[in-house]
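Listed below are the residues making up each chain.
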Amino acid sequence: MRKSYSTGLELVLCACEKELLIVLTDDEELICANVWALQDRATELLAPSLKQMFALAGRSIADVRRIGCVRGPGSFTGTRLVLATAAALRRTTRAQLGALDYLQALATTLAMREQLLYGRRLWILTHARRDLVHAALYQCYGPVIPCYAVQEVRLMSHAEAVAAVTATAEAEPHPVYAAGSALLRAPGLTAELEARGGGRVLTRLLPCPSIDALRLLGRHGDYFPRDVEPLYIRPCDAVENLPSLSERMGRDAGESVRELDRLLAREPVEGTGLES
C-alpha cells in the first residue's frame, strides 16, 4: 500500500549536451533509466523512448506526479525539447514540474563518484562554444546531498576559467576539483589547469550526469503547476546571425531585429500556449 506522503511516479529528463537521459522512479525508487548517446537525434528518440519505457515498466504515463526538467545551460535544441515535452505532459496529466540545473547535476555526480565530504569546492566547466565555457563553482555537502552553487553560472573564456579555478585553489585548504565537457573538448584547457594549479587543481573527465545524481536532484527539487523556463547563458547563434540571414532573404536587417525583440518581449498566457 502506497504511503500517504509518497512522491509517486517521478520522471527526470535531460538533453543538455551529447546524451539524452530519461529516469523513471516510483516513490524515489528507480524503475528504469535510458541513456542515449545521440542527443542530436533526441527529437525523434524522446517520445518513443518514453512510450516504450512506460510500456515495459507496466506503468501509465498519466500517473506521473512530478517531472524534473534539466533546464540548462547547454544545447538550445535539447533544452527546448525537454521543456516542451514536459509542458505537454503537464497539460495532459496531473504532473507538476521542477527546474533542475545541469551544472549542479554534474557537480553532484562528481561528489558522489569521489565520495567527497562537506566543504570541498568543485568547478564545473561545460563547453559553450569555441573558447567559451559555462562555469560555476559548487560546494559539496557530502555524497548523498546535492552540491550547491557558491557562484551562479557565468560565461567565461578559457583564460578566465583557468584564472577563476586557480584563484579558488589558492584560497582553499584542500585541492579543488575541475570537471565537465569543456575539459573533454579542449585538452589544452585541462593541461593549463593542471600546470597552473600546481597540484591543487584535480581535473576529472565527466561527460554527463549520472543516473543517481539526477535521481537525487529530482528528489530534492521544488515542483509547481507551471512550465519551466530554460536557462540560457550564451547568446543563440541564430539571433546573432539574424541580420545577415535577413539580408540574404531580401529583408531589412534592422526591421527583423526589432520584430524579434518585440516577439521576445511578449508574455505567454498560461494554459493556452498563446502569447498575449
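For the structure itself, consult the block above.
This section reports on the structure supplied with the text. (Residues numbered from 1 in each chain as written. Predicted model: local features only at pLDDT ≥ 70, side-chain atom pairs only at ≥ 80, totals over all residues. Heavy atoms only, no water.)

### A few points about the pattern of salt bridges
Evaluated as defined, the whole model comprises 10 salt bridges. The partner of Arg71 in a salt bridge is Asp101, and the shortest N-O contact between them spans 2.7 Å. Taken together, the residues span a long stretch of sequence, with Arg71 in the loop between strand 4 (64-70) and helix 2 (76-92) and Asp101 in the loop between strand 5 (96-100) and helix 3 (102-114) at a distance of 30 residues. For Arg71, a relative accessible area of 22% corresponds to the partly exposed category. Here Arg91 makes a salt bridge to Asp227, at a shortest N to O gap of 2.9 Å. Separated by 136 residues along the polypeptide, Arg91 in helix 2 and Asp227 in the loop between strand 12 (223-224) and helix 8 (237-240) bring together distant segments of the chain. A residue is classified by how much of its surface remains accessible, and Arg91, at 40% relative accessible area, is partly exposed. Look at the salt bridges and you will find they share partners, linking Arg90, Arg91 and Asp227 into a network. (Salt bridge = Lys/Arg side-chain N within 4 Å of Asp/Glu carboxyl O. Helix = DSSP H or I, 4+ residues; strand = E, 2+ residues; numbered from the N terminus. Buried < 20%, exposed > 50% of the residue type's maximum accessible area, 1.4 Å probe, protein only.)

### Considering the side chain of Arg120
Note that Arg120 resides in the loop between helix 3 and strand 6 (121-129). Salt bridges are absent for the buried Arg120, whose nearest opposite-charge side chain, Glu172, sits at 7.2 Å. There is a polar contact of 3.0 Å between the side chain of Arg120 and the backbone oxygen of Pro175. (Lys, Arg positive; Asp, Glu negative; His and termini not counted. Polar contact = N/O pair within 3.5 Å; in protein donor to acceptor, adjacent residues only side chain to side chain.)

### Describing the environment of Glu29
Take Glu29: it is sitting in strand 3 (residues 29-36). What makes Glu29 exposed here is its relative accessible area of 55%. Residues Glu29 and Gly8, spaced 21 residues apart in sequence, show a C-alpha to C-alpha distance of 9.6 Å.

### Concerning unusual backbone geometry
Leaving glycine out, the prevailing phi sign among residues is negative, and the prevailing peptide bond configuration is trans. Note the cis peptide between Gly72 and Pro73, where omega equals 0°. Look at Asp27: it is not a glycine, yet its phi comes out positive at around 50°. Mapping Asp27 onto the fold places it in the loop between strand 2 (20-26) and strand 3. Phi at Asp131 takes a positive value of approximately 65°, unusual for a residue other than glycine. Within the fold, Asp131 resides in the loop between strand 6 and strand 7 (132-139).

### A word on the layout of surface pockets
Where empty space is left becomes clear once a probe the size of a water molecule has been rolled over the atoms. Approximately 450 Å³ is the volume attributed to the second largest pocket. Around the second largest pocket sit 24 residues that line it, and Arg71, Ala99, Leu100, Asp101 and Gln104 are the ones nearest its centre. Mapped by element, the contributors of at least two residues to the lining of the second largest pocket are strand 5, strand 8 (148-149) and helix 7 (211-220). Here the element with the most residues in the lining of the second largest pocket is strand 5; it accounts for 4 residues. Considering only residue class, the lining of the second largest pocket consists of 13 nonpolar, 4 polar and 7 charged. (1 Å grid on protein atoms, 1.4 Å probe; cavity = no way out; pocket = protein on both sides within 12 Å on 5 of 7 lines; lining within 4 Å. Points joined across faces, edges and corners; volume = space filled by probe spheres on them. Nonpolar A, V, L, I, M, F, W, Y, C, P; charged D, E, K, R; others polar.)

### Side note on the pairing of strand 11 (residues 201-204)
Residue alternation in strand 11 divides its side chains into a buried set, Val201 and Thr203, and an unburied set, Leu202 and Arg204. Alignment of strand 10 (residues 176-179) against strand 11, held across 4 bridges, turns out to be parallel. Its bridge partner lying in strand 11, Tyr177 is registered against Leu202. (Pairing = 2+ DSSP bridges.)

By themselves these figures say nothing about function.
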